[in-house]
Amino acid sequence: MRPLVLALAVVLAAPVARAEELAPRDDGFDLMEEGAKLLFEGIMREMAPALDDMAQTLREAEPVLRSILALVDDLGNYQGPERLPNGDILIRRKPGAPPPPPLPLPSAPGEIEL
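Remember, predicted model here, so these are calculated numbers, not experimental data.

Q: Is there a simple way to think about the overall build of the protein chain in this case?
A: The helix and strand inventory of the protein chain stands at two helices and two strands. The helix and strand sequence of the protein chain, counted from the amino end, reads α-α-β-β. Here the protein chain holds 114 residues, and the buried ones make up 3% of them. Partitioning the intrachain contacts of the protein chain with sequence separation of at least 6 by distance along the chain shows that 15% fall at a separation of at least 24.

Given below as structure tokens:
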């Protein structure tokens, strides 16, 4: 009977020892969390150049976007875009929408807007 008890103790102790190996470590990350962290760090490392290029493009486009936004008050005041047979695209104001803001005055060449 003694070998049976010993064998049973070994069989029951193996999962406990394995569970201790997989238990969360002191830094609070278990293996799945650490794997996900490494995966996202790798993705961010590979995407960093593309994200930097996108940020630079947005910085360069900012003045144009601001001038467009100065002409449009609230997108809720406009209907969906309509494409004409000649390829032009119209975006009409909704009936009953408040009047649009006044157009900004054109700046003189060489003048700096503040």
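Having seen the model, we can carry on.
Q: Explain a nonpolar patch on the surface here, please?
A: A cluster of nonpolar side chains, contributed by Leu39, Phe40, Ile43, Met44, Met47, Leu51, Met54, Leu58, Val64, Leu65 and Ile68, occupies part of the molecular surface with about 1,000 Å² of accessible area. Tracing the sequence through the fold places Met47 in helix α2 (residues 31-71). Residue classification places Met47 among the partly exposed residues on the basis of a relative accessible area of 39%.

Q: What is the right way to look at the environment of Ile91 in this model?
A: With respect to the helices, strands and loops of the structure, Ile91 is situated in the segment after β2 (89-90). Judged by relative accessible area, which is 52%, Ile91 ranks as exposed. In this structure the C-alpha to C-alpha distance between Ile91 and Gly80, which are eleven residues apart in sequence, comes to 6.3 Å.

Q: Please clarify how the pattern of salt bridges should be interpreted in this entry.
A: Pairs can form between side chains of opposite charge whenever their charged atoms are close. Counting across every chain of the model gives three salt bridges. Glu62 is paired through a salt bridge with Arg66; the nearest N and O atoms lie 2.9 Å apart. Separated by four residues within a single helix, Glu62 and Arg66 lie in helix α2, roughly one turn from each other. Look at Glu62 and you get partly exposed, because its relative accessible area is 35%.

Criteria and cut-off values
Residues numbered from 1 in each chain as written. Predicted model: local features only at pLDDT ≥ 70, side-chain atom pairs only at ≥ 80, totals over all residues. Heavy atoms only, no water. Helix = DSSP H or I, 4+ residues; strand = E, 2+ residues; numbered from the N terminus. Buried < 20%, exposed > 50% of the residue type's maximum accessible area, 1.4 Å probe, protein only. Contact = heavy atoms within 4.5 Å. Patch = residues over 30% accessible without salt bridge, like charges linked within 9 Å, V, L, I, M, F, W, Y side chains within 5 Å. Areas by Shrake-Rupley, 256 points an atom, 1.4 Å probe, with all protein chains shown as cover. Salt bridge = Lys/Arg side-chain N within 4 Å of Asp/Glu carboxyl O.

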